[in-house]
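The residues making up each chain are set out below.
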Amino acid sequence: MLIVMEHSATQPQIDTVIAAVRRLGFTPQPIPGENRMAIGVLGNQGYVDDEPFRDLPGIQELIHVTKPYKLVSRDFHPHDSVVVVGGAKVGWGLEPVVIAGPCTVESREQVLVTAKAVKAAGARVLRGGAFKPRTGPHAFQGLGYEGLEYLAEAGREVGLPIITEVMRIDQVETVAHLADCLQIGARNMQNFDLLKEVGRIGKPVMLKRGISATLEEFLAAAEYIVLEGNVDVILCERGIRTFERALRSTLDLGVVPFLRQVTHLPVIVDPSHALGRRDLVTPMAKAALVVGAAGVMVEVHPDPANALCDGPQSLDPPGFTQLMRELGATRSLSTPRA
Ligand code: PEP
Ligand code: MN
């Protein structure tokens, strides 16, 4: 429930409401607004009865929030959150952040060459998978901790923060020592124990939308992380599975302006996994910025034809440089910053 106080409510009236929430065994969360204070009620499993609040002075309105998420919603947190990854600030309305790198770390040299190329072209964060969620067990599964070391070395060498995926709870602590941001992949979006674990770690998290997840499920998954105390969450739209088979997934770009209304968490777009084709990555990365995305994540490989994973959707370094050029020209078309 959200308790909206009157514009003229006094501090003692606010304190009385807060005490009433506590008396019911719930957690009050004061939400100061421009014109009035609101108090969020957290910790309830179901409907909260209006009765104890009905006669308290200073209350304008009681709003029952029936959604499975609260902390990630604008109702409970009206102002944009800014997630800092290394030196890169990710947030609605800020300079869009480009995250780039190989799908998978294949060798020390491969990731270093890629890191140098993406850094030179203007990427702000280096990506690379060490633990890979592959559809089939015969496909290359990633270099694991060795890959993580190579990614971290490359990031240090070129001066870029790094993001990499964690698939299991027991990987979280070690990966968090080296990585600047932990990625939860689409296949793990509803791995609730993993979400809680990254919620307890003091590093930003990028949560990818599950391939058949509704936006309510996506936001509820983010709520698991925030509820544990980690508010540094970036949402990533990476395409969903629909009846359409021509492309790898259907890039659901309408979610960007929609989520901007609903959540304070920044949203970025991954056109590489959504389209599955390198020639479509740049146009859709541009489209993502035009509709207001806080950034894009794209796959880059020094030799896509011989990549061990996701070669067809990976840009080569000149292709990435061209993407950066086109994104620069697109920026002026972006939706007005709120
Ligand atoms: C990835 O970004 O490396 C990845 C595996 O993506 P997704 O989880 O979106 O499939
Ligand atoms: Mn990939």
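Look up: the structure comes first, before these words.
From a predicted model like this one, the values you see are computed outputs, not experimental measurements.

The rules we used
Residues numbered from 1 in each chain as written. Chains lettered and ligands numbered in written order. Predicted model: local features only at pLDDT ≥ 70, side-chain atom pairs only at ≥ 80, totals over all residues. Heavy atoms only, no water. Near = heavy atom within 4 Å. Polar contact = N/O pair within 3.5 Å; in protein donor to acceptor, adjacent residues only side chain to side chain. Areas by Shrake-Rupley, 256 points an atom, 1.4 Å probe, with all protein chains shown as cover. 1 Å grid on protein atoms, 1.4 Å probe; cavity = no way out; pocket = protein on both sides within 12 Å on 5 of 7 lines; lining within 4 Å. Sits in = over half its atoms within 2 Å of the grid points. Nonpolar A, V, L, I, M, F, W, Y, C, P; charged D, E, K, R; others polar. Buried < 20%, exposed > 50% of the residue type's maximum accessible area, 1.4 Å probe, protein only. Helix = DSSP H or I, 4+ residues; strand = E, 2+ residues; numbered from the N terminus. Arc of directions from axis to C-beta. Contact = heavy atoms within 4.5 Å. Points joined across faces, edges and corners; volume = space filled by probe spheres on them.

Remarks on the site of ligand 1
Here's step 1: For ligand 1, the full set of nearby residues is Arg 127, Lys 132, Pro 133, Glu 165, Gln 183, Gly 185, Ala 186, Arg 187, Lys 208, Arg 238, His 273 and Met 297.
Here's step 2: Within the side chain of Lys 208, one N or O atom sits 2.8 Å away from an oxygen atom of ligand 1.
Here's step 3: Within the contact set of ligand 1, an oxygen atom lies 2.6 Å away from a side-chain nitrogen or oxygen of Arg 238.
Here's step 4: Relative to its unbound accessible area of 290 Å², ligand 1 is 97% covered by the protein chains.
Here's step 5: The cavity that encloses ligand 1 is the second largest pocket.
Here's step 6: For the shell around ligand 1, the per-class residue count stands at three nonpolar, three polar and six charged.

A word on helix H10 (residues 278-290)
Since the α-helix packs 3.6 residues into each turn, any two residues three or four apart lie on the same face.
Here's step 1: Among the residues of H10, those classed as buried are Val 281, Thr 282, Ala 285, Ala 288 and Leu 289. Across the axial projection of H10, the buried residues extend over an arc of 125°, all falling on one side.
Here's step 2: Where the residues of H10 are buried, they touch strand S13 (267-269), helix H9 (271-275), strand S14 (295-299) and helix H11 (317-330).

Observations concerning empty space enclosed by the protein
Here's step 1: All told, the structure shown has one cavity of 30 Å³ or more when counted by the stated rule.
Here's step 2: Volume-wise, the largest cavity comes out at about 30 Å³.
Here's step 3: Arg 127, Gly 128, Gly 129, Lys 132, Ile 163, Thr 164, Glu 165 and Gln 183 together form the lining of the largest cavity.
Here's step 4: With three residues, strand S9 (residues 162-165) is the single largest residue contributor to the lining of the largest cavity.
Here's step 5: Along the lines of polarity and charge, the residues of the lining of the largest cavity split into one nonpolar, four polar and three charged.

What to know about the layout of surface pockets
Here's step 1: Put simply, the largest pocket is a space of about 540 Å³.
Here's step 2: Counting residues per element, the lining of the largest pocket draws most heavily on helix H7 (residues 215-227), which supplies four residues.
Here's step 3: Counted as a void, the second largest pocket has a volume near 230 Å³.
Here's step 4: A breakdown of the residues in the lining of the second largest pocket according to their chemical character gives four nonpolar, five polar and nine charged.

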